[in-house]
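Chains, contacts and geometry: an overview
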There are 2 protein chains.
Amino acid sequence: MAEYMGELRRTHYCGDLRECNVGETVVVCGWVAKQRDLGQLIFIDLRDRTGVVQLAFNESTEKEIFDKAFSARAEFVLCAKGVVQERSSKNPDIKTGDIEVLVEDLRVLSKAQTPPFEIVDDCKTSEDVRLKYRYLDLRRKPLQDNIIMRSKIAKVARDYFYENGFIEIETPMLIKSTPEGARDYLVPSRVHKGSFYALPQSPQIYKQLLMLSGFDRYIQLARCFRDEDLRADRQPEFTQIDMELSFASMEEIMEINEGLFKRLFKDILGKNLETPFEKMTYADAMNRYGSDKPDVRFGMEICDVSDVVKDCGFGVFSGAVKNGGSVRCIVAKNSASVLTRKEVDKLTEYVKGIGAKGLAFIRWVDDEPSCGFKKFLTDEEFNSIISTCGAEKGDVVLFVADKNSVVLPTLGALRLKVAKKLDIIPDVFKFVWIVDFPFFEFDEESGEWVAMHHPFTMPKEECLQYLDTDKGKVVAKAYDLTLNGTELSSGSIRITDYELQQKMFKALKLTDEEIEAKFGFLVEAYKYGAPPHGGMGIGLDRIAMLLSGAESLRDVTAFPKVQNASELMSQSPAPVDQESLDVLGIEVVSE
Amino acid sequence: MAEYMGELRRTHYCGDLRECNVGETVVVCGWVAKQRDLGQLIFIDLRDRTGVVQLAFNESTEKEIFDKAFSARAEFVLCAKGVVQERSSKNPDIKTGDIEVLVEDLRVLSKAQTPPFEIVDDCKTSEDVRLKYRYLDLRRKPLQDNIIMRSKIAKVARDYFYENGFIEIETPMLIKSTPEGARDYLVPSRVHKGSFYALPQSPQIYKQLLMLSGFDRYIQLARCFRDEDLRADRQPEFTQIDMELSFASMEEIMEINEGLFKRLFKDILGKNLETPFEKMTYADAMNRYGSDKPDVRFGMEICDVSDVVKDCGFGVFSGAVKNGGSVRCIVAKNSASVLTRKEVDKLTEYVKGIGAKGLAFIRWVDDEPSCGFKKFLTDEEFNSIISTCGAEKGDVVLFVADKNSVVLPTLGALRLKVAKKLDIIPDVFKFVWIVDFPFFEFDEESGEWVAMHHPFTMPKEECLQYLDTDKGKVVAKAYDLTLNGTELSSGSIRITDYELQQKMFKALKLTDEEIEAKFGFLVEAYKYGAPPHGGMGIGLDRIAMLLSGAESLRDVTAFPKVQNASELMSQSPAPVDQESLDVLGIEVVSE
């Protein structure tokens, strides 16, 4: 049986002891990180969340205590009382390296079997095994630090918004399923058999209702759920710093959120962020970076050479322009030695994999640029390409010719790939607001205009005149905050005018029945006096990942799920007994 | 169409304007609480979450603005710019009653249909209608104040625990269903068809795992879910201030939680709470108050007269004692005039409704106590009852004779009912810790001892010897915090010794298969070194209710559900389409 702490009370965390404590009698508690038996001497590194301290046992130690120290193994939990003394051989690598605790009393609070992997910072064990024993993996300092930083981020975010007059209001998690957005997780109702709750994809509808109630400034760190096939950087449940405010302009909302990031960087990383952040229109982001979440830490902007090549003899180029598309390129400066023919071939395969037909290129290694398609162009045309894109000796120029909807995202992705290959991305934080999103997107398959955002997003006032006549001209009061090529946060001003809302629905070709079925109670709510309002949802997990430098959301989530949405530790989800299904009035369909 | 704020920016909240602002040009935004048209003068009470301010329009007002004010109706949303001036007739009942805003510019941001009920503090409309239009009900000041206070409580609780070294860690909401406790809400998995997640009834298992990971001090304001038939004071989803800490004694844990309440009362109500709180054993609470959550704001303690009546001629009394039960009573002091024969008959019906066979009583109105069963007793026996329970002229004594498991809870409930009837409960806050809970409860039906708490609760060390031999003697390291007869919070020290845990399971007659199926991964986790730990779960909703003086949890929950677990506003839960069920591989069983 284990021993108990009894009358002992912890006086210090392990990692907090210093030379100034020498001579003090202390009580520390923790896990055995390492035990070294030197015959007459035993040393134990005792670990808690603050760090490690060395326990010493020598010839002056009572035999019973010495024997316990002798038997201690990795991950045993100990409580040790002793006097802090200066070490004979100091360890400058750890904070407590100058001292040790000469133990007078020791309790083995818990023995431990040999763990399936060693608890070390740099653990090579496969992630699946570590996830199965997540409680052991979470003993490792890098993961503990991430989880603790995440907690601090949440605290700073709350403090910031509270100081700015926001009220945290909890919205329900058992809500009505809405047929918009991603797939809902459903929860069968026992009382109302055949009916279901849904888990919220976000508190969107409720926070809008809170604005109608006059709460004016709302914040919530809200758990959100999406039943989607997981990519590497998604979790089925995630946390959103969700905010909404009334009577404020889009600019004020953006400013408040910039303040949050300024505060987070200051308080968490000790870094000063310059605000206001750069603002870029959606059109600019697409044209210059081929992405609505541009990584602007480096140049290599996309250059349009359509005008130069539109009548040239190279059919791939002139044809693309004639079909309404374009020919664009990126210039990888001083890359000719790295981007060899072989590397460019790999890039060609890459762009084919993401939907482009191929890649044309110029490699300018020697005095003259070498180029496969040069022979189809006049010298004037070729030189005009070079001067348009500003290529110089040593550069590689990569071209894509196609519809714009292929050219831009392809070059956007290629730009990132090349920059990583060339290792030219500086380790800085570059925030960019993306604004002036198109309100409608033309869906070529259905031949219909569809809303790019949820249908409660407000169009800019000056575009209202085009709602019926020229949908492509309508710009949304929506804004995304991006950082280093990642979307951190997304927001908009909401439609609060009941008549305009009806008009928007009609513009989206919704019937009255559809409006009622999809948005009934929310539409009703806007009839009784609605303040102008808007807000944002900011991914807490993603912020934690960026600030901690973690490589995946799993590294900032205490108990994450893997790609098939299961938790390896508890083996969840799992079958349940028939009785549990019977009371819900549902059954599992056999395959 | 509505107007926009345009260049106007709110400068003040309505309720914040005071005489010191006279002469300033301000911009305020809000809802029309009232419009009074006096011909040449119009007054509008404009309301936001801070209060109301009077807007004035007079002969100096531009006609266009005056016309807008004329057309404004209740709940229209306005933005008004104007100069603060002293009122000619002041209103001492509101904070802004000394001033008004003489409006120069007015925007009607939103018109409003006539709401289904008037937005006034004291609204008589039925709760069902108000819940259907919850966003309107939430405009009423009493509800807004509750929600805002709840937000403050959460903030203070977080601050307190953070200051004490606790880390907030988010635990998963899609977890494995465990067959313990109340009924789980289940969530069908799409990826793993036929399998289910459960929503957590509490983060219990995860917080214990976090202690095993060494996080040492954990806090979370966690949403919890229980699929139970709702009583008046339950919600299917609720929020728990959930905490756990390692290397601390039961007394330290209780002390830390006392500190929380001290802080909450200070910061929220401005009241000083005396600590430490009273501690009472479970046995005392049951014997003196007939409840494990005793309301100790008043006396009327239960008195045991079994010894006096055990051989008396009144078979109801002597029989109860002979069968191993007891005869006990409460004395309602000076109540004879209120507790008439008719009232006592009502109380008899009441106790019959909660499982007692009946009620014997003494009403001492005149010089002599009047009593139906007196004739069966000797004078000595009767006088001995009177002296044992201390009854005096003017009192009513109410007796229950039965098994203790009937007598005590019946008198406990009766005591509360009588106290309310007599209106003798003072408006104070009386916290009591209930400690020394029995570990096992003897289930008469099955003839087995069953655990009263979850099977991870630690027995007191000195009782370990009785685990096999005398289960009734084993006391749990569990503690409940009660306030004014309500259980606020419940906690325990957990078993962390793997061998002891096995012993506990065996004592509970669990087979190895059951242990594995029910607690497999958690049991495994305790093999690798476990610190002593314990914690509590504290009902945030209930605290908010108590501190705000609200009468139901619905009044401190932004979007509550009603007794059948539905939300009247969104009409949730609701049927979903077949496709949604198909992808989950489930179907609804027709009745």
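Remember, it's a predicted structure, so these values are computed and weren't measured experimentally. (Residues numbered from 1 in each chain as written. Chains lettered and ligands numbered in written order. Predicted model: local features only at pLDDT ≥ 70, side-chain atom pairs only at ≥ 80, totals over all residues. Heavy atoms only, no water.)

Details of unusual backbone geometry
Of note, the amide linkage connecting Ser-572 of chain A to Pro-573 of chain A takes the cis form, showing an omega dihedral of 0°. Topologically, Pro-573 of chain A is positioned in the loop between helix H15 (540–548) and helix H16 (578–584). Cis geometry marks the peptide bond from Thr-275 of chain B to Pro-276 of chain B; its omega dihedral reads -5°. Among the structural elements, Pro-276 of chain B can be located in the loop between helix H6 (250–269) and strand E11 (278–281). Its identity is not glycine, yet Met-300 of chain A carries a phi of approximately 55°, on the positive side. (Helix = DSSP H or I, 4+ residues; strand = E, 2+ residues; numbered from the N terminus.)

As for the pattern of salt bridges
Summed over all chains, the structure comprises 98 salt bridges over all chains. One salt bridge in this structure joins Asp-137 of chain A and Arg-140 of chain A, with 2.7 Å as the shortest N-O distance. Residue class for Asp-137 of chain A comes out buried when judged on its relative accessible area of 0%. Assessed through its relative accessible area of 7%, Arg-140 of chain A is described here as buried. With a shortest N-O distance of 3.3 Å, Glu-343 of chain A and Lys-346 of chain A are connected by a salt bridge. Taken together, the residues Glu-343 of chain A and Lys-346 of chain A, both in helix H10 (residues 341–353) and 3 residues apart, mark about one turn of the helix. Bridged by salt links that share partners, the residues Arg-150, Arg-223, Glu-237, Asp-541 and Lys-561 of chain A together with Glu-170 of chain B form one connected network. (Salt bridge = Lys/Arg side-chain N within 4 Å of Asp/Glu carboxyl O. Buried < 20%, exposed > 50% of the residue type's maximum accessible area, 1.4 Å probe, protein only.)

Considerations on the interface of chain B and chain A
With 127 residues of chain B at the interface, the matching set in chain A holds 127 residues. Counting the contacts that link chain B with chain A gives 16 salt bridges. Among the ionic pairs, Glu-170 of chain A bridges to Arg-223 of chain B, the shortest N-O distance being 3.3 Å. At the junction of chain B and chain A, the tally comes to 63 residue pairs in polar contact (both at pLDDT 80 or more). Counting residues per element, the side of chain B that touches chain A draws most heavily on helix H4 (residues 141–163) of chain B, at 9 residues. (Contact = heavy atoms within 4.5 Å. Polar contact = N/O pair within 3.5 Å; in protein donor to acceptor, adjacent residues only side chain to side chain.)

Things to note about the packing of aromatic side chains
Aromatic rings considered in pairs are described by the distance between their centres and by the relative angle of their planes. All names here are of chain B. Applying the stated criterion across every chain, the model contains 44 aromatic pairs over all chains. Each ring, one from Phe-265 and one from Phe-431, has its centre 5.5 Å from the other, and the planes form 75°; the classification is edge-to-face. Of this pair, Phe-265 sits in helix H6 while Phe-431 sits in strand E17 (residues 431–435), and the two are 166 residues apart along the sequence. Overall, the relative accessible area of 2% leaves Phe-265 in the buried class. The class for Phe-431 is buried, based on a relative accessible area of 6%. (Phe/Tyr/Trp six-rings, centres within 6.5 Å; stacked < 30°, edge-to-face > 60°.)

Details of helix H14 (residues 512–525) of chain A
Its 14 residues place the ends of H14 of chain A only 16 Å apart at the C-alpha level, less than the 20 Å of an ideal helix rising 1.5 Å per residue. Phe-519 of chain A marks the point of greatest bend in H14 of chain A, at about 95°. Here H14 of chain A has its buried residues at Ile-515, Phe-519, Gly-520, Phe-521, Leu-522, Val-523 and Ala-525 of chain A. Against the buried residues of H14 of chain A lie helix H5 (204–212) and helix H13 (498–507) of chain A together with helix H3 (134–137) of chain B. (Expected span 1.5 Å × (residues − 1). Bend = angle between axes of the 7 residues up to and from the residue.)

Comments concerning the relation of the copies chain B and chain A
Note on the copies: chain B fits chain A at an RMSD of 0.2 Å, the axial shift is 0.0 Å, and the rotation between them is 180°. The superposition operator between the copies reduces to a two-fold rotation axis. (Least-squares fit on C-alpha atoms with pLDDT ≥ 70 in both.)

Here's the deal with a negative patch on the surface
A contiguous patch of negative charge, built from Asp-577, Glu-579, Asp-582 and Glu-587 of chain A together with Asp-577, Glu-579, Asp-582 and Glu-587 of chain B, is present on the exposed surface. Mapped onto the negative patch, the elements with two or more residues apiece are H16 of chain A together with helix H16 (578–584) of chain B. Relative to the elements of secondary structure, Glu-579 of chain A occurs in helix H16. (Patch = residues over 30% accessible without salt bridge, like charges linked within 9 Å, V, L, I, M, F, W, Y side chains within 5 Å. Areas by Shrake-Rupley, 256 points an atom, 1.4 Å probe, with all protein chains shown as cover. Lys, Arg positive; Asp, Glu negative; His and termini not counted. Charge placed at Lys NZ, Arg CZ, Asp CG, Glu CD.)

Focus: the domain arrangement of chain A
In terms of domains, chain A is made up of domain 1 (14–110) and domain 2 (298–425). Placing a centre on the C-alpha atoms of domain 1 of chain A and another on those of domain 2 of chain A gives a separation of 64 Å. (Domains from an automatic or database assignment.)

Here's the deal with the environment of Met-452 of chain B
All names here are of chain B. Looking at the secondary structure, you find Met-452 in the loop between strand E19 (448–451) and strand E20 (478–483). Looking at Met-452, the relative accessible area reads 26%, which means it is partly exposed. Between the C-alpha atom of Met-452 and that of Glu-441, which follows or precedes it by 11 residues, the distance is 5.9 Å.

Re the pairing of strand E21 (residues 486–493) of chain B
Residues and elements named next belong to chain B. As paired strands, E20 and E21 are joined by 6 bridges and run antiparallel to one another. Looking at the pairing, Asp-480 lines up with Ser-490 of E21. Where E20 hands over to E21, the hairpin turn is made up of 2 residues, of which Asn-484 adopts a positive phi near 50°. By the bridge criterion, 5 bridges tie E21 to strand E22 (residues 533–539) in an arrangement that is antiparallel. Bridging across to E22, Gly-491 finds its partner in Met-536. (Pairing = 2+ DSSP bridges.)

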